[in-house]
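# Breakdown of the fold
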Amino acid sequence: MTRPVRVRFAPSPTGGLHIGGVRTALFNYLYAKKLGGKFILRIEDTDQTRFVKGAEEYIIETLKWCGIEPDEGVGYGGEFGPYRQSERKPMYRQYAEQLVEAGYAYYAFDTPEEIEAMRERLKAGGNPAPQYNWAVREYMKNSLTLPADEVKARLAAGEPHVVRIKMPRKDEVKFHDLIRGWVSFQTAQVDDKVLLKADGMPTYHLAVVVDDYLMEITHAFRGEEWLPSAPVHILLYKYLGWEEKMPEFAHLPLILKPDGNGKLSKRDGDRLGFPVFSLDWHTADGTLQTGFRERGFLPQALINFLVLLGWNPGVAHEIFSLDEMIQLFDIARVHQAGAKFDFEKCKWFNHQYVQMQSAAALADATEPVLASKGVKVERAYLEHICSLVKERCTFMSDVWDNAFFFFEAPKDYDFDAVRPKWNDAKKSFFTQFLERAKTLSTWDNTSIEACFKGLAEELSIKVGEVQMPMRIMLCGGKFGPPVFEIASTIGQKESIERIEKANSLF
RNA sequence: GCCGCGUUGGUCAAUCGGCUAAGACGCCUCCCUUUCACGGAGGAAUGACGGGUUCGACUCCCGUACGUGGUACCA
């Protein structure tokens, strides 16, 4: 019996969503769409101390911007709600108690101070990372060591307590990961994780299992950082009697820093000069963390870059539409090793996608820039310019830098590019060219070029010798589309004015 | 420290025992363009190391090294 595919993206609303999260969402989305299943957004806000206002909206906006919207979940509704774990709080306790009754979990009354003391003691004894585990629980304050009536009394008195899973002392948990194959753990290595916190909220471990079960999740794809706690989840399914409904697991490789070591973190962006967040995010202390969107990335480009970070369809090309990704996606072809983030390649993808944009789209993106500069031009003129400079644009916002001279006369000239070879003959060439230009009846590419080259020939000057000065006169530097293209675009009058002015300056 | 997971050019990666080891980004050279970019043609650059298994290992097994993750009443 195969159940309908249901996958979920379950982030914690603790800040901006960085690209690792976006990729996790993307893989979930692709898998769901490929199999005709549902993609669900669940918000894991069980840690009230880390909750950040606005983070949830940010996550939803990110998914929307990326074009990978949930079918169900926070902000989308559905029959398995609520989809925010904080709103599901009353549902978890019964399962924790069920586990205690069955002997798979226990109440623990140790105060944070007592646990800290235990750790200090063990550390002093040479244990670098003490755990609350099978060896330690025997002398701590819990329902395993305390008399039954005392436990009952403490509970009745409302004493703060947590519920911990009782990890078997000697057992092996083995499970199949869709990406890594068979993975096994010795239970003695895993500590007695807290399942239900003193405030009545479940920890991640209890919450994922309960919610995935209740929401009928069939596949759980998450970051590799969860692999070590997978045995806890597997055991929970078993102890709760839900083994039949346990989802298939896949632990995704991490996205690593481009330099040095470690996984990509929120701070790497500032440090290395590239975004790590999907959208702009303002932290509590007022600092801005730049988003890919605001930096000028097209969502399709980001998605395309991310999907290839850890996954490869094995086909020759690298540019995929979302539909094509869905068609080709295969979770088994996801890599096992972490991948370093490569901003250069990310930009290359964006350049590719910018090339697919229409002049109108580029013009739309450029209009606000012009407005901020106080420049007013005809829409048709703008679009023509956009098509002229498009191939030079990596970002939609690059038009201005590549085309400013179409909107205003150059203020500075790259004199060094002209003067070393500048002489009276050239100056005279331009003087004469001006005279002819003024009388030209048609002002387009070919007529300007014919006029220019004809004169050069008459004066026995190599066209190349005067073409560069012409360019500098029109746009100020060694850049831009073909010169005659520029001249015809800015018009006869403007061209003549610019040449006149510059010729007197050189 | 312990446990898990990894390891093909600088980076992303193909390969599923036959390799003279794809492709892409980046880099370099040349062509196009007497600008820049695009485009085109080339180039440098790779199986961590050591043992097995096999007629044959990048591919399978073991060990070492290295990387990475976990080791919270955070997710």
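Notes on the structure in this doc start here. Owing to the predicted nature of the structure, the values given are computational and were not obtained by experimental measurement.

### A closer look at helix 6 (residues 204-214)
Of all eleven residues in helix 6, nine are buried, a share of seventy percent or more. Considered for burial, the residues of helix 6 that qualify are Tyr204, His205, Leu206, Ala207, Val208, Val209, Val210, Asp211 and Asp212. Where helix 6 is buried, its residues meet strand 1 (6-9), helix 3 (89-101), strand 8 (194-196), strand 9 (219-223) and helix 7 (230-239). Residue Glu216 follows helix 6 closely and has a positive phi angle near 55°.

### Some details on the sheet that holds strand 4 (residues 105-108)
Read from one edge to the other, the open sheet built from three strands follows the order 4-5-8, with strand pairing classed as antiparallel. Single-partner strands in this sheet number two, and they are strand 4 and strand 8. Along the sheet, successive strands turn relative to each other by an average axial angle of 40°, direction set aside. Pairing of strand 5 (residues 162-165) with strand 8 involves two bridges; the strand directions are antiparallel. Along strand 8, the bridge assignment pairs Val163 with Leu196.

### Examining the side chain of Arg222
Within the secondary structure, Arg222 sits in strand 9. Among buried Asp, Glu, Lys and Arg side chains, Arg222 stands out as unpaired, with Asp212 the closest opposite charge at 6.2 Å. At 3.0 Å, the side chain of Arg222 forms a polar contact with the side chain of His251. Not counting residues within four places of it along the chain, the set of residues in contact with Arg222 comprises Arg8, Thr24, Tyr204, Ala230, His233, Phe249, Ala250, His251 and Leu252.

### Overview of unusual backbone geometry
In this structure, Pro82 follows Gly81 across a cis peptide bond, with omega equal to -5°. Mapped onto the fold, Pro82 is located in the loop between strand 3 (72-73) and helix 3. One non-glycine residue, Glu216, lies in the positive phi region at around 55°. Checked against the element boundaries, Glu216 lands in the loop between helix 6 and strand 9. Judged by relative accessible area, which is 40%, Glu216 ranks as partly exposed. A positive phi angle, near 55°, is found at Ser460, a position not held by glycine. By secondary structure assignment, the location of Ser460 is in the loop between helix 17 (445-458) and helix 18 (463-475). You can call Ser460 exposed: its relative accessible area is 67%.

### Let's talk about the protein's contact with RNA strand B
In the neighbourhood of RNA strand B, 62 residues make up the surrounding shell, with Ser12, Asn261, Glu318, Glu391 and Arg392 lying closest. A share of 69% of the atoms of RNA strand B within 4 Å of the protein falls on sugar and phosphate groups. Asp47 is positioned such that a nitrogen or oxygen atom in its side chain is 3.1 Å from a sugar or linking oxygen of RNA strand B. Residue Ala198 places a main-chain N or O atom 2.8 Å away from a base oxygen belonging to RNA strand B.

### What to know about the packing of helix 6 against helix 7
Relative orientation of the contacting elements helix 6 and helix 7 amounts to 50°, with a least axis distance of 10 Å. The angle between helix 6 and helix 7 falls in the class oblique. Along this stretch, helix 6 crosses helix 7, giving a crossing that reads as right-handed. Mapping the contact onto sequence places Tyr204, His205, Leu206, Val208, Val209, Asp212 and Tyr213 in helix 6 and Val232, His233, Leu236 and Tyr237 in helix 7. A breakdown of the residues in the contact of helix 6 with helix 7 according to their chemical character gives eight nonpolar, two polar and one charged.

### Remarks on the layout of surface pockets
What the largest pocket holds in volume is close to 1100 Å³. Together, 42 residues line the largest pocket, and Ala10, Pro11, Ser12, Glu225 and Trp226 are the ones closest to its centre. Those elements that place two or more of their residues in the lining of the largest pocket are strand 1, helix 1 (19-34) and strand 9. In terms of residue class, the lining of the largest pocket is built from 16 nonpolar, 14 polar and twelve charged. In this model, the second largest pocket occupies a volume close to 360 Å³. Taken together, 19 residues make up the lining of the second largest pocket; nearest its centre are Asp110, Ile115, Val162, Arg164 and Val194. Looking at the lining of the second largest pocket, the elements with two or more residues in it are helix 4 (112-124) and strand 5. Per-element tally for the lining of the second largest pocket: the top contributor is helix 4, with three residues. Considered class by class, the residues forming the lining of the second largest pocket number nine nonpolar, two polar and eight charged.

### Remarks on the pattern of salt bridges
Applying the stated criterion across every chain yields a total of 34 salt bridges. Measuring nitrogen to oxygen at the nearest pair gives 2.7 Å for the salt bridge that ties Asp211 to Arg88. Of the two residues, Asp211 sits in helix 6 while Arg88 sits in the loop between strand 3 and helix 3, which places them 123 residues apart along the sequence. Arg88 matches Asp211 in its accessibility class, with the two residues each being buried. One salt bridge connects Arg293 with Glu294, and the closest N-O pair in it is separated by 3.1 Å. A residue is classified by how much of its surface remains accessible, and Arg293, at 29% relative accessible area, is partly exposed. Residue class for Glu294 comes out partly exposed when judged on its relative accessible area of 35%. Among the charged side chains, a salt-bridge network with shared partners connects Arg8, Arg42, Glu44 and Asp212.

About the thresholds
Each chain carries its own residue numbering, running from 1 in the direction its sequence is written. Chains and ligands are labelled sequentially in the order written, the chains with letters from A and the ligands with numbers from 1. Residue-level local features of this predicted model are given only where pLDDT is at least 70; pairs of side-chain atoms are given and counted only at 80 or more, and the full residue set underlies all totals for whole chains, interfaces and linings. By convention in this description, side-chain values take in all heavy atoms of the structure and omit both hydrogens and water. Buried, partly exposed and exposed residues are distinguished by accessible area as a fraction of the type maximum, computed with a 1.4 Å probe on protein chains only: under 20%, between the cut-offs, and over 50%, respectively. Note on conventions: DSSP H or I runs of at least 4 residues are helices, E runs of at least 2 residues are strands, and numbering of each starts at the N terminus. Residues count as neighbours in contact if any of their non-hydrogen atoms are within 4.5 Å of one another. Pairing between two strands requires that DSSP report at least two bridges joining them. Orientation is described by lines fitted to C-alpha atoms, with helices fitted over the stretch in contact, and by angles between N-to-C directions that extend from 0 to 180 degrees. We score Asp and Glu as negative and Lys and Arg as positive, and we do not count His or the chain ends. A carboxyl oxygen of Asp or Glu within 4 Å of a side-chain nitrogen of Lys or Arg is what we treat as a salt bridge. The term polar contact refers here to a pair of N or O atoms within 3.5 Å; inside protein, the definition further demands a hydrogen-donor-capable atom paired with an acceptor-capable atom, and it admits residues adjacent in sequence only when both atoms are side-chain atoms. Near is defined per residue: the residue qualifies when any heavy atom it owns lies within 4 Å of the molecule or strand. Angular relationships are summarised with four words: roughly parallel below 35 degrees, roughly antiparallel beyond 145, roughly perpendicular across 65 to 115, and oblique for the angles in between. By definition, turning the near helix anticlockwise from the far helix through less than a right angle yields a left-handed crossing, and turning it clockwise yields a right-handed one. Residue classes follow a fixed rule: Ala, Val, Leu, Ile, Met, Phe, Trp, Tyr, Cys and Pro count as nonpolar, while Asp, Glu, Lys and Arg count as charged, and any other residue, Gly among them, counts as polar. Grid spacing is 1 Å over the protein atoms alone, the probe is 1.4 Å, and a cavity is where that probe fits but cannot get out, while a pocket is an open set with protein on both sides within 12 Å along at least five of seven lines and lining residues have an atom within 4 Å of a point. Grid points are joined across faces, edges and corners, and a volume is the space filled by probe spheres set on the points.

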